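Here's the letter readout for the chains.
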Amino acid sequence: MKLKHLPHALILALAAASAASAQDSAANDPAAQAAAAAAAAAAAHVSPHASDLYAILFALPFYEGMAYAKLPAGSYNHAMRDYYLRHVSKEELIARMVPGMTAIVPPALAARVAANMREPAYRKRMKSYVVERTGAGEAPDYLTAEELAVLKRIDNEQSSKDFAARMPQISELVRKTMADSREALEVKLARQALATIETTQGEIAQVNKTGRPVAIRTIGFEPWDQIIRAVGNSTLKMALTFYRFNSELDRLQYADLVQAPSVVRRHNYGEVAALVDQAEDALAASLKELDAAIKEREQDISQSEFANVSQFRSKLDEVTAGLYTFAGDLGEAYRNLFAAQRQMVAFLQEHKGSARLEGEKIVFDDDASVATMNDIFKRILAAARDVEGIVDRQTARENAELDKVRNKLSKSGK
């Protein structure tokens, strides 16, 4: 019996990381550029109140603060921030915020605050503030006496004080909108990761038949790609291991030669016993390779950003333990099968003078030998069924867990 199961349980751990942040400008991304243009076009055709709110939000440096925030290079948050800025423009975020702003800032106040924010002196002060807080860009010239007077007048207006009183609500609206859009992107990335891994798994399944490696697909987001490569490379190594084991069985003509009628017909007892030993040696080598592939995967994932997410780590440990159990149980079932086949060969050799073939049926001269041979056949069949059962149960568990992952991700972000 060949090793036919290609474990894909490792992808189950990915579900736990789906909720586990690019100094690249959105202007450099065509899709983001198009979204910004669409948002601007839409803003041009809304009510004066909405236009004023749009102008106010555009003047607030929430997006710039995120773009230039100091984050550890190579971290998940850094990668997510870079990805976010490439795919979500400030204009798009503002378009999402404007409806919520209408309940916070009334039309008359919005009109006055927007007019003040359009003042060159106000824009100059805001630019200085951004440069000072982020260290990015070149600071403008010092404010002139005339500009300071304009700013003093703006700051002393009742509209400015009324607007400042509403800033906690506005800040919460901005925070929630940005958090929601980030979560939506993270769910999208998790879905892409799962779909990519499942596609690659399907391609790797052919490796078990062809022995030809396949490329490991990625999604262009390094924290996920670290996991995808680790999972893909380990699964590919498993598939190649299974292919080599099956090829060795084919080379040995194991399925044909280790059959009772063949042994009785050929009287090649020593040869068949040696074949069983070679098959078990090949299995031992395969199990060692599987163990190495799992350990290498563990080392690769331990260096990823998701390794620090406790939920992901817990799920990964659970999946890995299950995979080790599966490999151990499968190895034990095969060893039981080999042991029963050795008993069959030894018994046939011991009774070679009384065993004969009638068609493909083995006939003995005494009932006791028939009973013993049938008992050995039952043990061989039971061991073979154990192998199939271990494979089927593992596959059923994996499919059930994958359905949970798909359902979880299909509901996320809605």
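In case you missed it, the structure is sitting above this.
Residues numbered from 1 in each chain as written. Predicted model: local features only at pLDDT ≥ 70, side-chain atom pairs only at ≥ 80, totals over all residues. Heavy atoms only, no water.

Student: Report on the overall build of the protein chain, specifying residues and quantitative values.
Tutor: Check the secondary structure of the protein chain and you find 15 helices and two strands. Counting only carbon and sulfur atoms, one obtains 54% of the accessible surface of the protein chain, whose full area is about 20,700 Å². (Helix = DSSP H or I, 4+ residues; strand = E, 2+ residues; numbered from the N terminus. Areas by Shrake-Rupley, 256 points an atom, 1.4 Å probe, with all protein chains shown as cover.)

Student: Help me get a handle on helix α9 (residues 158-210), residues and values and all.
Tutor: Taking 1.5 Å per residue, 53 residues should reach 78 Å; α9 reaches 77 Å between its end C-alpha atoms and fits that length. At M167, α9 shows its largest kink, close to 45 degrees, and the proline P168 lies no more than four residues downstream. Immediately downstream of α9, the backbone of G211 shows phi near 75 degrees, a positive value. (Expected span 1.5 Å × (residues − 1). Bend = angle between axes of the 7 residues up to and from the residue.)

Student: Help me get a handle on the nonpolar core, residues and values and all.
Tutor: Of all hydrophobic cores here, the largest spans 65 residues; its most connected members are I56, F62, V105 and F221. Among the elements that take part in this core, α9 stands out by supplying 13 residues, more than any other. Setting aside anything within four residues of it in sequence, one finds I56 in contact with M101, A110, V113, A114, M117 and F163. Among the nonpolar cores identified, the runner-up in size contains 44 residues, and L330, I376, I380 and A383 belong to it. (Core = buried A, V, L, I, M, F, W, Y, C linked by side-chain atoms within 4.5 Å. Buried < 20%, exposed > 50% of the residue type's maximum accessible area, 1.4 Å probe, protein only. Contact = heavy atoms within 4.5 Å.)

Student: Lay out the packing of helix α6 (residues 107-117) against α9 in plain terms, naming residues and giving numbers.
Tutor: Two elements in contact, α6 and α9, have axes separated by 10 Å at closest approach and are oriented at 105 degrees. Of the possible angle classes, the one that applies to α6 and α9 is roughly perpendicular. Counting all contacts with α6, which are made through L109, R112, V113, N116 and M117, the residues of α9 involved are S159, S160, D162, F163 and R166. For the contact of α6 with α9, the residue count by class is four nonpolar, three polar and three charged. (Axes fitted to C-alpha atoms, helices over the stretch in contact; angles between N-to-C directions. Parallel < 35°, antiparallel > 145°, perpendicular 65-115°, else oblique. Nonpolar A, V, L, I, M, F, W, Y, C, P; charged D, E, K, R; others polar.)

Student: Can you break down the pattern of salt bridges residue by residue, with the values?
Tutor: For the structure on display, the rule yields 29 salt bridges. Its salt-bridge partner being E248, residue R251 comes within 2.8 Å of it at the nearest N-O pair. Taken together, the positions of R251 and E248, both in helix α10 (residues 222-252) and three residues apart, correspond to about one turn of that helix. With a relative accessible area of 56%, R251 lands in the exposed category. When its relative accessible area of 22% is taken as the criterion, E248 is described as partly exposed. By sharing partners, the salt bridges in this structure join R112, E119, R153 and E157 into a single network. (Salt bridge = Lys/Arg side-chain N within 4 Å of Asp/Glu carboxyl O.)

Such coordinate-based values are descriptive only and should not be taken to indicate function.
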